[in-house]
Amino acid sequence: MPQLAAAQESHVSRTPQPNTIAPFPAMRLRRTKSSGALRDLVRENTLTVADLIWPVFVVEGENVAQEIPSMPGVVRRSVDLVVKAAKEARALDIPAICIFPYTDLALKTERCEEAWNPDNLSNRAIRAIKAEVPDIAVMTDIALDPYNANGHDGIVRNDEIVNDETVAALVKMALAQAEAGADILGPSDMMDGRIGAIRTAIEAAGHHNVTIMSYTAKYASAFYGPFRDAVGASSALKGDKKTYQMDPANSDEAMRLVERDLREGADMIMVKPGMPYLDICRRVKDSFGVPTFAYQVSGEYAMMMAAAQNGWLDGDKVMAESLMAFKRAGCDGILTYFAPRMARILAGN
Ligand SMILES: NCc1[nH]cc(CCC(=O)O)c1CC(=O)O
């Protein structure tokens, strides 16, 4: 068991002691289910709008909203419309928005220089949001894939994703994002040593309050397919990401990664994808008691939307149930494309 403090939060599960179970009919577990009021009283977890982080896709242009066929209801927005979306999100009390750029093919290179361009699409979006909606937290993604001719999260040399050179590039990318005004940096690259390197660099640059939410337990998953369409990385990617993202068969390894990232300076930990990895969320929360987040990824969103569009599932209900499941699993918050839709329902409209 890692040495970091054991979790004491209310949402940590506790097993009832055997002597609290009375024999039937002294105990009828249906009693506390017998009305809405009673169910409200005994509910163990709550989902609120404060739990939601909204991932949005940014594209060049003005007044542009492009549909993404594999993510019904999600669009790529030009910077002006991203600012508008941030305003809407803030009006709904969504605390954070996360920026993902769709990069023009012409800007994708093998050295990925566009990633740390202070005026790249992502950094322009961050600046524009912070200028007009200063009280929404802006989260970023740190990985080279949107800028990489190879589609990989790291620099590729002789068919290898080279770790240390990639970390140096990620540090430059992180600094440019912090400089643009990002509140939460989200390293999603899965290189070794990146959290420590980024933390050291942003401290040295004076960004003491810039937080890091590490994509710590990020699995090599087939559930990212629609996202890669959304950011235009599907066609670029050669091979797979198994030499850096986690093996879906592993769970102990995730605990080692969490401990490492916390020691290197991560403020918050993320598990990704979400629904197939709720056991990992629970282990992280129980073992470390630190701010724990899950990313309900594009493929999870696409599955639910496809079934709802066919009339096979009730879209609103599966959305709400799936998000509550993250709270039950110990998460403090969820990155979800459903954020505005869920927020509207939580607000009662
Ligand atoms: N490193 C980039 C990144 N950041 C978030 C996602 C996936 C998000 C989603 O599927 O919704 C990915 C894709 C990948 O690793 O291939």
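None of these values were measured; they are calculated from a predicted model.

Novice: Requested: an account of the pairing of strand S10 (residues 268–272), with residues and values cited.
Specialist: The element S10 is extensively covered by neighbouring structure, given that 5 of its 5 residues are classed as buried. With burial as the criterion, each face of S10 is covered, one bearing Met268, Met270 and Lys272 and the other bearing Ile269 and Val271. Sheet topology note: the S10/strand S11 (residues 292–296) ladder contains 3 bridges and is parallel. Across the sheet, residue Val271 finds its bridge partner in S11, namely Ala294. As a crossover connection, the stretch from S10 through helix H8 (residues 278–288) into S11 is right-handed.

Novice: How would you sum up the site of the ligand? Please name residues and give values.
Specialist: By nearness alone, 18 residues border the ligand, and Lys218, Arg228, Lys272, Ser298 and Tyr337 come closest of all. Within the side chain of Arg228, a nitrogen or oxygen atom sits 2.7 Å from an oxygen atom of the ligand. Within the contact set of the ligand, a nitrogen atom lies 3.4 Å away from a side-chain nitrogen or oxygen of Lys272. In isolation the ligand offers 400 Å² of accessible surface; the protein chains occlude 100% of this area. Considering only residue class, the shell around the ligand consists of 8 nonpolar, 3 polar and 7 charged.

Novice: Help me get a handle on the packing of helix H10 (residues 315–328) against helix H11 (residues 339–346), residues and values and all.
Specialist: Look at H10 against H11: their axes get within 11 Å of each other, and the N-to-C directions meet at 95°. Judged by the angle between their axes, H10 and H11 are roughly perpendicular. Along its contact with H10, which presents Gly315, Asp316, Met319, Ala320 and Leu323, the element H11 presents Arg341, Met342 and Ile345.

Novice: Give me the lowdown on helix H5 (residues 194–204), citing residues and values where you can.
Specialist: Among all positions of H5, only Arg194, Ile195, Gly196, Ile198, Arg199, Ala201 and Ile202 are buried. Where H5 is buried, its residues meet helix H4 (163–180), strand S8 (184–185), strand S9 (211–218) and helix H7 (252–264).

Novice: Explain the pattern of salt bridges to me, using residue names and the numbers behind them.
Specialist: A complete count under the given rule lists 23 salt bridges for this structure. Here Arg111 and Glu165 are joined by a salt bridge, their closest N and O atoms 3.5 Å apart. Linking Arg111 in the loop between strand S4 (96–101) and helix H3 (121–132) with Glu165 in helix H4, this pair joins segments that are 54 residues apart in sequence. Residue Lys218 is joined to Asp153 by a salt bridge in which the shortest nitrogen-to-oxygen separation is 3.9 Å. Here Lys218 is found in strand S9, whereas its partner Asp153 is found in the loop between strand S5 (137–139) and strand S6 (156–157), with 65 residues between them in sequence. One exposure class covers both Lys218 and Asp153, and it is buried.

Cut-offs used in this document
Residues numbered from 1 in each chain as written. Predicted model: local features only at pLDDT ≥ 70, side-chain atom pairs only at ≥ 80, totals over all residues. Heavy atoms only, no water. Buried < 20%, exposed > 50% of the residue type's maximum accessible area, 1.4 Å probe, protein only. Helix = DSSP H or I, 4+ residues; strand = E, 2+ residues; numbered from the N terminus. Pairing = 2+ DSSP bridges. Right-handed = clockwise from strand over helix to strand, strands pointing away. Near = heavy atom within 4 Å. Polar contact = N/O pair within 3.5 Å; in protein donor to acceptor, adjacent residues only side chain to side chain. Areas by Shrake-Rupley, 256 points an atom, 1.4 Å probe, with all protein chains shown as cover. Nonpolar A, V, L, I, M, F, W, Y, C, P; charged D, E, K, R; others polar. Axes fitted to C-alpha atoms, helices over the stretch in contact; angles between N-to-C directions. Parallel < 35°, antiparallel > 145°, perpendicular 65-115°, else oblique. Contact = heavy atoms within 4.5 Å. Salt bridge = Lys/Arg side-chain N within 4 Å of Asp/Glu carboxyl O.

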